[in-house]
Protein chains: 2
Amino acid sequence: MDKRQITLKSIAKALNLSPSTVSRAMKDHPAISAKTKALVREYAEKYKYKPNTLAIRLRTNRNNTIGVIVPEVVHFFFSTVLAGIQEETEKGNYNIIFCHSNEDYEREVKSVETLLDARVCGILASQSKTTASFEHFQEIVDSNIALVFFDRICTGINTDKVVVDDYAGAFKAVDYLVQTGCRQIAFLGMNPSLPISNNRRMGYEDALRKNKIPVDKDFMKVCDVAEMVHKVVPEILKRDKIPDAFFCINDEVAAYCVQIVKASGYRIPEDISICGFTNSYITEVTDPTLTTVDQHGFEMGKQAARLLINRIEGTETKPGIVSKVIKTELVVRDSTR
Amino acid sequence: MDKRQITLKSIAKALNLSPSTVSRAMKDHPAISAKTKALVREYAEKYKYKPNTLAIRLRTNRNNTIGVIVPEVVHFFFSTVLAGIQEETEKGNYNIIFCHSNEDYEREVKSVETLLDARVCGILASQSKTTASFEHFQEIVDSNIALVFFDRICTGINTDKVVVDDYAGAFKAVDYLVQTGCRQIAFLGMNPSLPISNNRRMGYEDALRKNKIPVDKDFMKVCDVAEMVHKVVPEILKRDKIPDAFFCINDEVAAYCVQIVKASGYRIPEDISICGFTNSYITEVTDPTLTTVDQHGFEMGKQAARLLINRIEGTETKPGIVSKVIKTELVVRDSTR
DNA sequence: TTGAAAGCGCTAACAA
DNA sequence: TTGTTAGCGCTTTCAA
């Protein structure tokens, strides 16, 4: 039943060799004779020897594992990033320990603890919406563990990051809305403390300014989840002066916005244009389909993972803090004129 | 700079104790004096001692890590299951190593290797669409590692599983379609080698039979991704006898189906009803919103993880292979009469 | 070309 | 109440 595990030692004993010789034979050490190598290899093959990773890691003090903290995995963008991370770490021969903060500060702190306990060699993190302090992230840095933020970066920590050009993406989208004739463009954003939201707001404002359209604070609302859309959008539509476009912080908000705007009797895009952000699956099945800004999450995941691995392995050539920016792309569909 | 790590040994030296005493003090061993405990604790606190998990795991031969293999994480259902798994493993104090087969057999095999190499204490897996052989899964069992399949179970392996009551879910949905007046119900399914698809097909057929409606093979198609919908549905709509309902294998198929059916000039649900499966976000933003079958992915993830942990810890009381079934629920929205 | 020995950080049986 | 010792499985220096 409980078959003894095959170890270097057991192989050594069986073959009348020393463990060190077996170890060397297994890793093709030049000093070992071809004959011995063959002998050891054959035996190992036959008895399905599997090196004990734990022992190797303890011995070498490197465990080829990185931690990933995602705020919400049931989300097109973040799951796409995760897929990108996975692809890259697989290539680099790293395992991923997956943590889910679920947009909750406490769980985020706990996730960091977990990862430090597991002695990962690096951490990829995107902070939760509710995170306001960042000692836990500082602890990672203090422990000399590589840390790369992606998308929702933490401005309080000075470390590598990979972000989307939120400003440019928003600018392009809003400028496009203006070019197609919109003049009263509402912005449905997130908590402005998150840089991604703030940057998009600036892109939005600058696009308006460039086109000599006044920026109206009344047209800027925090509105980033379904329930808020159902509250905020009808309110806006009840005003005397209603917008002729909505620029939304993500595709879900845009999709619900489409619904509400249609239900209120307006035509899309003739009366009101709507633009999302992310380019998730959802954009293809709303009616009309959604114009949006592609965030290239997969690429972001890959680049973040690559950067982290380079840091870990000391092969990152750029000096100082590295800040990568993923280009966004306007994807025009039918929800805009 | 390169601060030496705090270890039990280093604490022992500093405090003039033996490592074993320190070890015991840290874990509140009854034999240690309160004074010593306090001393050790204080020192550990001050210098932020963190036990080396790797060493503990090597020593105790248990690493509190489980592996998860997901076929496609950018997918409402699977990411929801992952979130459920994460919630439960966090409670149980297990880490998750995340693997992504990406619906690819080769990567699935590699994932299993990775997890066995990492010496996880258990594996949760849902197989990829392209998996036809299962020696890799058998290897898990042979290695005496706990294995629980979820959703896309592998029928070739005799082990614990957690599935949705696909048959009942399909039966309910199709029966509902019939009750609401549909008579020609098409089934857009997956590769019939996957049990989930086969079970739903049987539910579909039995619901028709129960209602004395002939089962027509021409109304049953393999059609489970966007591109296929764009090919298959228009073909069906070109026939002399077209369906008055589509029962779809997932919500994405249903959503694209809505689009195509509308574009072909039919009204939903007056002319044609459409029903999906999963109850993902998408169902709320199509127009009309989608009737679907809720799969309760989060619950499935939790139960699968719980079952696996019980197996690992030997606390599963049920004898033999355990097969859990998650109840589905028909969610009626506007795409059906 | 191979082996002996030490040690990674921790635990636990046994001894004192 | 505390210490000694051995060892988990592996790597690596040093010696032979």
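Rules behind the numbers
- Residues numbered from 1 in each chain as written.
- Chains lettered and ligands numbered in written order.
- Predicted model: local features only at pLDDT ≥ 70, side-chain atom pairs only at ≥ 80, totals over all residues.
- Heavy atoms only, no water.
- Domains from an automatic or database assignment.
- Contact = heavy atoms within 4.5 Å.
- Buried area = accessible area lost by both parts, 1.4 Å probe.
- Salt bridge = Lys/Arg side-chain N within 4 Å of Asp/Glu carboxyl O.
- Polar contact = N/O pair within 3.5 Å; in protein donor to acceptor, adjacent residues only side chain to side chain.
- Nonpolar A, V, L, I, M, F, W, Y, C, P; charged D, E, K, R; others polar.
- Buried < 20%, exposed > 50% of the residue type's maximum accessible area, 1.4 Å probe, protein only.
- Helix = DSSP H or I, 4+ residues; strand = E, 2+ residues; numbered from the N terminus.
- Pairing = 2+ DSSP bridges.
- Axes fitted to C-alpha atoms, helices over the stretch in contact; angles between N-to-C directions.
- Parallel < 35°, antiparallel > 145°, perpendicular 65-115°, else oblique.

### A look at the domain arrangement of chain A
Residues and elements named next belong to chain A. Each assigned domain of chain A is listed with its residue range as follows: domain 1 (3–51), domain 2 (63–163 + 297–326) and domain 3 (166–295). Taking the mean C-alpha position of each, domain 2 and domain 3 sit 29 Å from one another. With 10 residues of domain 2 at the interface, the matching set in domain 3 holds 11 residues. Roughly 1000 Å² is buried in total at the junction of domain 2 and domain 3, and carbon and sulfur atoms are behind 62% of that figure. Applying the counting criterion to the domain 2 and domain 3 interface returns one salt bridge. The shortest N-O distance in the salt bridge between Asp224 and Lys129 comes to 3.0 Å. For the pair domain 2 and domain 3, the interface holds two residue pairs in polar contact (both at pLDDT 80 or more). Within the side of domain 2 that touches domain 3, the residues separate by chemical class into four nonpolar, three polar and three charged.

### Some details on the pairing of strand E6 (residues 185–189) of chain B
Residue and element names in this part refer to chain B. Extensive coverage of E6 is indicated by the burial of five of its five residues. Burial along E6 is two-sided: Ile185, Phe187 and Gly189 facing one way and Ala186 and Leu188 facing the other are all buried. Two strands pair when backbone bridges link them, and E6 and strand E8 (residues 245–248) are joined in this way by four bridges, in the parallel orientation. Note that in E8 the partner of Ile185 across the bridge is Ala245. Where E6 and strand E7 (residues 220–222) come together, three bridges link them in parallel fashion.

### What to know about the packing of helix H1 (residues 8–15) of chain B against helix H2 (residues 19–26) of chain B
All names here are of chain B. Running from N to C, H1 and H2 point in directions that differ by 110 degrees, and their axes come no closer than 8 Å. On the basis of their axis angle, the class for H1 and H2 is roughly perpendicular. Side by side, H1 and H2 meet where Leu8, Lys9, Ile11 and Ala12 of the first sit next to Pro19, Val22, Ser23 and Met26 of the second.

### A short note on unusual backbone geometry
For the bond running from Ile268 of chain B to Pro269 of chain B, omega is 5 degrees, close enough to zero to count as cis. Position of Pro269 of chain B relative to the elements: it lies in the loop between helix H11 (251–263) and strand E9 (273–275). Each neighbour pair has its own omega, and for Asp287 of chain B with Pro288 of chain B the value is 0 degrees, a cis peptide bond. You will see that Asn16 of chain A, though not glycine, has its phi angle at about 60 degrees, which is positive. Assessed through its relative accessible area of 72%, Asn16 of chain A is described here as exposed. Look at Lys212 of chain B: it is not a glycine, yet its phi comes out positive at around 55 degrees. One can find Lys212 of chain B in the loop between helix H9 (195–210) and E7. Owing to a relative accessible area of 73%, Lys212 of chain B belongs among the exposed residues under this scheme.

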